[in-house]
4 protein chains.
Amino acid sequence: MSWNTFGRIFRFTTWGESHGPALGVVVDGCPPELAISEAMIQPYLDARRPGQSKFTTQRNEPDQVKILSGVFEAPDGVQRTTGTPISLMIENTDQRSKDYSEVAKAYRPGHADYAYDAKYGFRDYRGGGRSSARETAARVAAGGVARLVIPEVSIMAYVSQIGGDRIDPANFDAGQIGQNPFFCPDAEAAKRWEVLVDEVRLAGSSIGAVVECVATGVPAGWGAPLYAKLDADLAAAMMGINAVKGVEIGDGFAAATLRGEQNADPMRPGSGAPQFDANHAGGIAGGISTGQPVVLRVAFKPTSSILIPVPTISNTGEASEIRTKGRHDPCVGIRGVPVVEAMMALVLADHKLLHRGQTGR
Amino acid sequence: MSWNTFGRIFRFTTWGESHGPALGVVVDGCPPELAISEAMIQPYLDARRPGQSKFTTQRNEPDQVKILSGVFEAPDGVQRTTGTPISLMIENTDQRSKDYSEVAKAYRPGHADYAYDAKYGFRDYRGGGRSSARETAARVAAGGVARLVIPEVSIMAYVSQIGGDRIDPANFDAGQIGQNPFFCPDAEAAKRWEVLVDEVRLAGSSIGAVVECVATGVPAGWGAPLYAKLDADLAAAMMGINAVKGVEIGDGFAAATLRGEQNADPMRPGSGAPQFDANHAGGIAGGISTGQPVVLRVAFKPTSSILIPVPTISNTGEASEIRTKGRHDPCVGIRGVPVVEAMMALVLADHKLLHRGQTGR
Amino acid sequence: MSWNTFGRIFRFTTWGESHGPALGVVVDGCPPELAISEAMIQPYLDARRPGQSKFTTQRNEPDQVKILSGVFEAPDGVQRTTGTPISLMIENTDQRSKDYSEVAKAYRPGHADYAYDAKYGFRDYRGGGRSSARETAARVAAGGVARLVIPEVSIMAYVSQIGGDRIDPANFDAGQIGQNPFFCPDAEAAKRWEVLVDEVRLAGSSIGAVVECVATGVPAGWGAPLYAKLDADLAAAMMGINAVKGVEIGDGFAAATLRGEQNADPMRPGSGAPQFDANHAGGIAGGISTGQPVVLRVAFKPTSSILIPVPTISNTGEASEIRTKGRHDPCVGIRGVPVVEAMMALVLADHKLLHRGQTGR
Amino acid sequence: MSWNTFGRIFRFTTWGESHGPALGVVVDGCPPELAISEAMIQPYLDARRPGQSKFTTQRNEPDQVKILSGVFEAPDGVQRTTGTPISLMIENTDQRSKDYSEVAKAYRPGHADYAYDAKYGFRDYRGGGRSSARETAARVAAGGVARLVIPEVSIMAYVSQIGGDRIDPANFDAGQIGQNPFFCPDAEAAKRWEVLVDEVRLAGSSIGAVVECVATGVPAGWGAPLYAKLDADLAAAMMGINAVKGVEIGDGFAAATLRGEQNADPMRPGSGAPQFDANHAGGIAGGISTGQPVVLRVAFKPTSSILIPVPTISNTGEASEIRTKGRHDPCVGIRGVPVVEAMMALVLADHKLLHRGQTGR
């Protein structure tokens, strides 16, 4: 974890700005001999791609991933990873040439504009530059590689709440997630959200959301206590996604309201692995996976780029007012779903290799 | 961040088990020439020390910190840091010799027992070994050193909720925090909690809690996007504390329920730095501090060591039942307060040095 | 330092193979606000570029560097670094399509072929794949960025020996270095080397060389003892260059033959900094720069790709024989000169930022 | 590799000064379940211990190592590593209380005194403080743990040269190494060195030396190209030892004088692994082990603490003169032998785990 690199053995480094010629990621430390192709990574980018419904930003990007290094035809004729760095690049094609003079001079409250100037002295203000959610395309591409490392694991994320409206657990149907523009497992909630998010969009506003993610198939033993705990790494991975303000593992904040006997996950003999009567812990104890599903929840704030004017200051410190023009993202949490999945895959791939390295298991 | 090391420039590595001869921490990368003494670090350990009220574990440890390296009398006659590793050690004195045969053989549900065995093949089961909250004494000692690096910053943490009972913001009085055994800023809540936690204690149960932490004086510009964002690092630091299951920055999960215009922190011209009308962001935007107070909340689960029997399995996979004997901690979140403060200090110290290194500011 | 990343604060990650579509480097942690352009980096690549004389490999590559991210027009109208990752890419254009069936199946003794197969199970054998000296183009590009960080430092490298023939210190003329195809500061030696290397080339053989490098202007105080000592980092940086087998700082192995009073660098009062009567230490004591010129020497072996047949085995373990066909590099040390300079710049840039981060100096 | 930490998965962090209460090392990332005891580590410290002959410093330290954490009795009744940090401590007992006023004020040329002051502003000057070779006791202790990780590897180091006097390869007898105070494998050279070093000692001078080290049993495939190459890591490890000024792998600088066909290590079919006709490469190609013995040579300068006066300056910049009083080390390279062995073990242990982590082999 450093400036723009994440991971310890399975490491990735992203680069690029919203309106530069391209963005990309270098995945380093991927094990050799894994079958890989652009076609195996592209679906994850397609899921994240903007402009697929009126509920996400209308930026239109094909987001075609190219593999530039680290793969080669193996003796069996299949293209495989070679163990050397895998460089993935995505060209930017829809950098709409527009007038950035306003955003260049006035800070959007809630956005990274002011903080970047305070840190670096100036910034690439076009489309948010490096702080744009567009960078998450690179993480999603890297996540596609990470999944090759952990074939034993299945990852499923979905939106469980938009604004104050939550899904009903009784309606949960994983098959629904791909059937609506909200990655929503509750068909009825999806219908309500169509009305809600459309209203938000037409008002030029935005709204927050909660994304849940479940990883099944993680064996017991992954995690590197005490300062590379699996849950600590997941918290960092998720909190580092644009617009995220909260992370919970298992019961999260609800656990604070419980008593010890309510929060225990009693164990029973099982075949091969123990059986647990509950999963309040979200599959992690002492920073190490228990073999239960790894469960987490992530809070996305409403994006600060809205069409409603907000008081602000200029970069010379004078009072001003700003409103976003053109494309905007009424509920950025929706497109967060593939990003949460990617970060889950990236953390788990790294921990699988760490565990193998330290213990040989 | 690696196995047992945290930080990038200001790094610390902890070692030690609950019932070994001692535990300690090596702080590496501390700037030279800072005045330091054991007396400057001891108060933080005293605040965390167990056995100070009936509401925390009755283990009785003096927790005296010793400085073994990295300091020397400077030409001005004051003992100062030399820029070399500072080794701090705390001896374990109250390792009550008791019978560990039960905990050696049966896993405590919710505890790290089973996960450690799954990872490492066996474990030091005495008092939880390495996974014991006792290790946080080392973090708190390191935090005492970190505070020397950031004299411009004030850090205040407190318990804001025990079980379902929250403090009333209208009663908030920082002066109360040191006046009750709960680090509670609301005198009335503190009275209610006495009854609540005593009841929990007598029932042999435990209860969860929420700790809030506010750091004021952090200048704008600290944070290293994209994968060492200030909020991502804080999330990792907090989620890595024993028994923590959730972290929020600023409004956290509540932000998911808001609209963009509600969540904005409008800016006004100020003297020196801008003024903000609100702080929904918790002082961090784009992973970089904004100059507002850094605000976070941390959820502690109820500890799983309770006197109420829970079904479990033995380390040979057979059905069993377990209950903790002897000392137990009815509300581990209370003693989390100095640990949360320490981790806040450690992350901020590291980011101050990182920012200086990269930008010279 | 990890898989394919070098550096701590000023970090770079390279990717790419000899015969892939491109190779590149991501420079992360570069300070913001430094004036930068492709034209400022290109000259270093031009100096390293192959095919410029008959004494280096005849591969013909323009090696044009492109900046893909991390730069933007600053308020003063100059393109500057933004503090975000700088992605540099160099396209491969002369991947001569030739028959690789022989090298795919038989290991070249002395080359990385066998070791890569032993590690990774298979390899990209085209032109040496990842182990090709072509990758050093990416390091040289990164070195061009590093130089922007250390304008106070001048770096000069040159070939001091080819085979057994050394330069005569009495003939040393820095102005000669750019005047001959050997980066040789001794005009007479350069003439001898023309004959020597041509003979080696025509014989289809190769020959070793020694490169010396001097960095002036390094202030006292850079270096991070004990395990990121300036000399230790330089040793790693140099030994990691293809074909390098030895590194000396200052007097190096000659110091082993001296007595303490011969090896001392006596100090005298100077203006601003002390004066030294000698520089046996090569400008580094205790892992920290002393303010004297940093001096090192690097031994390059003769490249193992020669036209003379050598006994070897096939990748199925059978006895075979191999000789390199087509282009070959009779003295790879020559082209090592810009690479040694680049690595010197990269290490110094990193240590300048580390020093500033830890001490504020 | 960072400030005072070395390694990636198998990491160690040292702390302590020459005249502080103790020095120590925290070994983190050691695999679990390895049998370990103080008695298994002590012999390495005994080999390095000063005061064992008149040819090394007369400081008298028992250098008893204590294990403070990370070990526990396994179910089989044997004390084993638990996978948690192993804290090792060595108390300083012979910190002769002497007058340090001279060394506090005047810099010893060639020593780290001036550089430390330039970096840190002041320093612990007692016995060299952190820059003392005494710190290598901690590395040697860590090396003792590293050896438990690589039982398949045998490491042998010896002094091959003192001043200008080299051993005769024809006299090489490994059995001699432990039979003389010089770790010398040539009995005749050892006799000559008795005279030579005694003369140096009586003259109050010091003399340089070369240490060679051979590791057998390293399988092919260890090493992490391109920036954690096995040879680059070894170079950093060796150059970071006090007084070291040069490192060679295999033929080292001699390779610069060879032609390609002379330097090749021809391969023949072997049983299990290939056979090599020579080992010019020193067992490493492309940064990866080849299965041949790993061979390196390390140059130690003569120590700068001599009884002969040398011109210097005071810490206020005035002309002065200094000579070391009391104990001195006439040939510091001799005691470098166990340190070189320890660093070899530490690098190899780390690379074994890295290789396993990335490739599963």
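Quick caveat, the model's predicted, so the values are computed rather than measured.

Conventions and cut-offs
Residues numbered from 1 in each chain as written. Chains lettered and ligands numbered in written order. Predicted model: local features only at pLDDT ≥ 70, side-chain atom pairs only at ≥ 80, totals over all residues. Heavy atoms only, no water. Helix = DSSP H or I, 4+ residues; strand = E, 2+ residues; numbered from the N terminus. Rg over C-alpha atoms; globule rule 2.2 N^0.38 Å. Buried < 20%, exposed > 50% of the residue type's maximum accessible area, 1.4 Å probe, protein only. Contact = heavy atoms within 4.5 Å. Areas by Shrake-Rupley, 256 points an atom, 1.4 Å probe, with all protein chains shown as cover. Pairing = 2+ DSSP bridges. Axes fitted to C-alpha atoms, helices over the stretch in contact; angles between N-to-C directions. Least-squares fit on C-alpha atoms with pLDDT ≥ 70 in both. Polar contact = N/O pair within 3.5 Å; in protein donor to acceptor, adjacent residues only side chain to side chain. Salt bridge = Lys/Arg side-chain N within 4 Å of Asp/Glu carboxyl O. Nonpolar A, V, L, I, M, F, W, Y, C, P; charged D, E, K, R; others polar. Expected span 1.5 Å × (residues − 1). Buried area = accessible area lost by both parts, 1.4 Å probe. Phe/Tyr/Trp six-rings, centres within 6.5 Å; stacked < 30°, edge-to-face > 60°.

The next point concerns the overall build of chain A. Regarding its fold elements, chain A presents 8 helices and 18 strands. For 361 residues, the compact-globule estimate of 2.2 N^0.38 gives 21 Å, and chain A sits close to it at 21 Å. Referenced to the eigenvectors of the C-alpha coordinate spread, the extents of chain A come out at roughly 65 × 55 × 40 Å. In chain A, which comprises 361 residues, the share counted as buried stands at 68%. Considering only residue pairs separated by 6 or more positions, chain A has 70% of its internal contacts joining residues 24 or more positions apart. Roughly 10800 Å² of accessible area belongs to chain A as shown, and the carbon and sulfur atoms make up 50% of that amount.

Neighbouring strands of a sheet are bound in pairs by backbone hydrogen bonds; such pairs are parallel or else antiparallel. Strand order in this open sheet of 10 strands is 9(C)-8(C)-10(C)-16(C)-11(C)-11(D)-16(D)-10(D)-8(D)-9(D), and the pairing throughout is antiparallel. Strands with a single pairing partner mark the edges of an open sheet, and in this sheet they are strand 9 (165–166) of chain C together with strand 9 (165–166) of chain D. Helix 5 (residues 187–202) of chain C rests against strand 8 (154–162) and strand 9 of chain C of the sheet, and its axis sits at about 60° to strand 8 of chain C.

Of the two same-sequence chains, chain D is brought onto chain C (RMSD 0.0 Å, axial shift 0.0 Å) by a rotation of 180°. These values place the two chain copies in the arrangement generated by a two-fold rotation axis.

Time to look at the environment of T13(B). As for its position among the elements, T13(B) is in strand 2 (residues 11–16). Of the residues examined, T13(B) reaches a relative accessible area of 3% and is grouped as buried. Taking C-alpha positions, T13(B) is 8.9 Å from W3(B), a pair spaced 10 residues apart along the chain. Contact partners of T13(B), with chain neighbours within four places excluded, come to N4(B), T5(B), G24(B), V25(B), V26(B), T13(D) and V26(D). Looking at T13(B), its side chain comes within polar contact range of the side chain of T5(B), at 2.8 Å.

So, about the interface of chain D and chain A. Listed by partner, the interface residues are 14 residues for chain D and 14 residues for chain A. On the surface where chain D and chain A come into contact, there are 2 salt bridges. Taking the shortest distance from any N to any O, the salt bridge between E33(A) and R361(D) comes out at 3.1 Å. The interface formed by chain D and chain A contains 11 residue pairs in polar contact (both at pLDDT 80 or more). For the side of chain D that touches chain A, the class distribution of residues is 5 nonpolar, 6 polar and 3 charged.

Attention now goes to the relation of the copies chain D and chain A. Of the two same-sequence chains, chain D is brought onto chain A (RMSD 0.0 Å, axial shift 0.0 Å) by a rotation of 180°. In this assembly the copies share their binding face: 100% of the residues contributing to the interface of chain D also contribute to that of chain A.

Here we take up the sheet that holds strand 7 (residues 86–91) of chain C. All names here are of chain C. What the 5 strands build is an open sheet, ordered 1-2-3-7-4; its pairing is antiparallel. Two strands close off the open sheet at either side, each with one partner strand: strand 1 (5–6) and strand 4 (65–67). Both strand 1 and strand 2 (residues 11–16) contribute to a ladder of 2 bridges, which runs antiparallel. Bridge pairing in strand 2 places T5 opposite T13.

Look at helix 4 (residues 136–149) of chain A: 20 Å from first C-alpha to last across 14 residues, which is about the 20 Å you get at 1.5 Å a residue. Judged by how many residues are buried, helix 4 of chain A sits mostly within the fold: 14 of 14 residues are covered.

All right, on to unusual backbone geometry then. All names here are of chain A. Residue L226 follows P225 across a cis peptide bond; omega there is 10°. Relative to the helices and strands, L226 is located in the loop between strand 10 (209–216) and helix 6 (230–239). Its identity as a non-glycine residue notwithstanding, D63 has a phi of 50°, on the positive side. The backbone of A243 sits at a positive phi, close to 80°, despite the residue not being glycine. Position of A243 among the secondary structure elements: in the loop between helix 6 and strand 11 (244–249).

Relative to the assigned elements, S87(A) resides in strand 7 (residues 86–91). Judged by relative accessible area, which is 2%, S87(A) ranks as buried. If we skip the residues at most four places from it in the chain, S87(A) touches V25(A), V26(A), K66(A), I67(A), L68(A), S69(A) and W15(C).

Before going further, it helps to examine the side chain of D117(D). Residue placement: D117(D) occurs in helix 3 (residues 113–120). Apart from the residues within four sequence positions on either side, D117(D) is in contact with Y107(D), F122(D), R123(D) and N315(D).

A few words on the pattern of salt bridges. Counted according to the given criterion, the structure contains 88 salt bridges over all chains. One salt bridge in this structure joins R134(C) and D63(C), with 2.7 Å as the shortest N-O distance. Taken together, the residues R134(C) in the loop between helix 3 (113–120) and helix 4 (136–149) and D63(C) in the loop between helix 1 (38–48) and strand 4 connect sequence positions 71 residues apart. One exposure class covers both R134(C) and D63(C), and it is buried. Note that R268(D) is salt-bridged to D277(D), the shortest N-O span being 2.6 Å. Exposure remark for R268(D): the relative accessible area of 36% places this residue in the partly exposed category.

Another aspect to go through is the interface of chain D and chain C. Taken together, the contact between chain D and chain C spans 106 residues of the former and 106 residues of the latter. Across the chain D to chain C interface the summed buried area is about 8100 Å²; carbon plus sulfur atoms make up 63%. The partner of E199(C) in a salt bridge is R259(D), with the nearest N and O atoms 2.5 Å apart. At the junction of chain D with chain C, the criterion picks out 45 residue pairs in polar contact (both at pLDDT 80 or more). Ranked by residues supplied to the side of chain D that touches chain C, first place goes to helix 3 of chain D with 6 residues. Along the lines of polarity and charge, the residues of the side of chain D that touches chain C split into 56 nonpolar, 32 polar and 18 charged. Direction of pairing for strand 11 (residues 244–249) of chain C relative to strand 11 (residues 244–249) of chain D: antiparallel, over a ladder of 3 bridges. If you follow E248(C) over to strand 11 of chain D, its bridge partner there is G246(D).

Glancing now at the pairing of strand 16 (residues 294–300) of chain D. One face of the sheet, then the other: side chains in a regular strand alternate in exactly this way. Residues and elements named next belong to chain D. For strand 16, a buried count of 6 out of 7 residues is recorded, marking the element as mostly surrounded by other parts of the structure. In the sheet, strand 10 (residues 209–216) pairs with strand 16 via 7 bridges, with the strands oriented antiparallel. The partner of A209 across the bridge, within strand 16, is F300. Bridging between strand 11 and strand 16 involves 5 bridges; their strand directions are antiparallel. Each bridged residue has a counterpart across the sheet, and for G246 the counterpart in strand 16 is A299.

Residue and element names in this part refer to chain A. Enumeration according to the criterion identifies 41 aromatic pairs over all chains in this entry. Between Y158 and F172, the ring centres sit 5.1 Å apart and the planes meet at 75°, which makes this aromatic pair edge-to-face. One end of the pair, Y158, is in strand 8 (residues 154–162); the other, F172, is in the loop between strand 9 (165–166) and helix 5 (187–202), and 14 residues separate them in sequence. What makes Y158 buried here is its relative accessible area of 6%. Judged by relative accessible area, F172 falls into the partly exposed class, the value being 33%.

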